[in-house]
Amino acid sequence: MIKELHQKLVNGETTSVKLTEEYFDRIKKDDESIGAYLTLTEDLALRQADLIDKKIKQGEKIDLIAGIPGAIKDNICVAGTRTTAASKILDNYIAPYNATVAERLLKEGAVFLGKTNMDEFACGSSTEKSAYRPTKNPLDPERVPGGSSGGSAAAIAADLAVWSLGSDTGGSIRQPAAYTGTVGLKPTYGRVSRYGLLAMASSLDQIGPIVKTVEDAAIVLSRIAGEDSMDATSARSGGKFYEDYLNGNLAGAKIGVPREYVGEELDSEVKMVFEQSLKKFEKAGAEIREVNIPLTPYALAVYYILMTSELSSNLARFDGIKYGLSIDDEQRSADNSGTLLEIYLDSRRYGFGEEIKRRIILGTYALSAGYYDAYYKKAQKVRRMLREDFEKVFNEKDGVDFIFSPTTPEPAFKFGEKSKDPLAMYLADIYTVSANLVGVPAISFPIGMVKREGKDLPLGGQLMGKWFDEENLLNAAYAFEQLE
Ligand code: GLN
């Protein structure tokens with residue numbers, strides 16, 4: 001998609017301003033019912049588009065992403081633009097600076113249509129936990145688009161953006177991509193700078209693209225990846241054009257399917273689609289093997305202890321004083337202003353939704369002096385052991401190149417189906433959290449359809465790769481995509 005649009009721009013078949021206006025027309029027509037966007041940045045977009053059109057006119061060479069309209073998850077800072085992370089506590093927060101990913105995209109001339117809806121502070125799997133409104137799945141409005149990057153995924157599925165950025169702490173790029181029939185990539189931890197991403201759990205968070213094709217994922221990744229002096233965990237990488245590595249050749253590649261991921265409990269229709277996709281990989285020349293990741297049954301528990309611990313610490317800064325919302329003097333003028341503690345408590349009580357409060361309480365508990373060893377420290381140890389499981393599967397003599405599974409155990413669920421039961425919601429992440437815990441890159445792409453109540457819904461396949469092996473990971477997904 002991006003390459004074709006780029007061709008049209010440089011051939012003069014269309015202009016970036018025209019293209020951008022087409023997207024805004026569609027957004028204004030369709031997004032009221034879908035709810036993919038929280039904020040539109042029309043002025044910024046048209047300014048960017050106009051700049052690129054001028055460059056093209058002057059015969060300047062432009063980058064592939066230049067002039068192409070996209071959307072950015074609302075937990076990523078864009079200077080001068082409202083950035084809420086879909087939380088009331090940041091309702092009136094205007095980002096004073098650009099996240100590194102935004103800065104890099106702007107430098108290449110990308111066009112920003114707006115900021116997309118999400119679960120509050122990226123906590124959720126359905127976008128029902130946005131403080132503003134839920135996002136609908138464009139393929140079936142009775143169903144959720146997944147989460148937490150549900151707005152970004154819905155924007156792609158409904159043609160309300162060419163590319164989008166999401167963030168993934170336990171599956172928030174891949175699971176919504178799976179539910180909406182799109183492609184979502186969580187890069188290796190450290191591949192993309194987190195500077196300017198409102199932190200959820202800092203040792204797990206990564207920013208990545210949600211797009212229509214694997215090639216587009218490669219193009220966007222190339223523009224946002226690389227070392228950044230503003231993020232000490234960003235790795236020395238960058239400067240690679242991942243799209244140049246896509247040749248569709250999978251001959252001799254070894255793909256492992258973890259026994260623990262496709263057990264008896266897996267829905268039979270999901271299993272059937274998954275097995276067909278294994279055949280497809282074989283057709284492309286790959287060899288399929290069963291592998292073992294014995295610690296898989298503990299991954300979700302480890303994730304929910306470590307993530308809530310880090311989240312409780314990261315969210316401590318939202319106290320009604322430093323940023324955004326403050327329940328203070330105005331509300332209290334009658335009986336004079338509250339104490340500092342009351343400002344903290346009231347701002348957080350009003351500003352945070354129930355899921356955020358639940359996670360802050362869980363994380364604070366896991367980190368408390370009496371329970372730290374039993375929960376946090378233990379979880380860190382199991383995380384290390386899970387990493388060793390992955391190292392064995394990938395790096396041991398005759399190890400595999402990729403690990404493949406469904407992205408989720410089932411297709412998109414209905415609104416309300418899981419929102420009353422946090423544990424049921426957490427299970428939507430069962431296949432995705434491990435990649436964050438061990439840091440490997442993982443991509444979700446459509447592998448087929450399954451029927452639910454007479455409707456065909458897309459199912460995603462998840463391919464995990466070796467640390468910093470995005471070029472081969474993307475190529476494997478690309479090879480799959482090319483086969484019918
Ligand atoms: N659904 C997961 C959660 O609620 C993942 C969130 C994410 O990746 N940001 O924690």
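Structure's up top.
To start, this report covers the structure provided alongside it. (Residues numbered from 1 in each chain as written. Predicted model: local features only at pLDDT ≥ 70, side-chain atom pairs only at ≥ 80, totals over all residues. Heavy atoms only, no water.)

**A word on the packing of aromatic side chains**
Point 1. Evaluated as defined, the whole model comprises 22 aromatic pairs.
Point 2. Arranged with centres 5.0 Å apart and planes meeting at 85°, the rings of Phe-281 and Phe-404 form a pair that is edge-to-face. Here Phe-404 lies in strand S9 (residues 402-406) and Phe-281 lies in helix H8 (residues 268-283), a separation of 123 residues in the sequence. Accessibility assignment for this pair places Phe-281 and Phe-404 in one class, buried.
Point 3. Taking the centre distance of 5.4 Å and the plane angle of 45° together, the rings of Phe-318 and Tyr-323 count as tilted.
Point 4. On the basis of relative accessible area, Phe-318 is assigned to the buried category, the value being 6%.
Point 5. Feature note: the residues Tyr-93, Phe-121, Phe-318, Tyr-323 and Phe-352 constitute an aromatic cluster, connected by ring pairs.
Point 6. Seen from the ring of Tyr-132, Arg-82 lies directly overhead, with NZ or CZ sitting 5.3 Å from the centre.
Point 7. Its guanidinium or amino end placed over the ring of Phe-413, Lys-418 lies 5.1 Å from that ring's centre, counting from NZ or CZ. (Phe/Tyr/Trp six-rings, centres within 6.5 Å; stacked < 30°, edge-to-face > 60°. Helix = DSSP H or I, 4+ residues; strand = E, 2+ residues; numbered from the N terminus. Buried < 20%, exposed > 50% of the residue type's maximum accessible area, 1.4 Å probe, protein only. Lys NZ or Arg CZ within 6 Å of the ring centre and 35° of its normal.)

**Quick word on the nonpolar core**
Point 1. Counting residues in hydrophobic clusters, the biggest one holds 149 residues, and the most contacted among them are Trp-163 and Phe-390.
Point 2. With 8 residues, helix H9 (residues 296-314) is the largest single contributor of residues to this core.
Point 3. The contact partners of Phe-390, leaving out residues within four places of it in the chain, are Tyr-261, Ile-293, Ile-403, Ser-434, Val-438, Val-440, Met-464 and Trp-467. (Core = buried A, V, L, I, M, F, W, Y, C linked by side-chain atoms within 4.5 Å. Contact = heavy atoms within 4.5 Å.)

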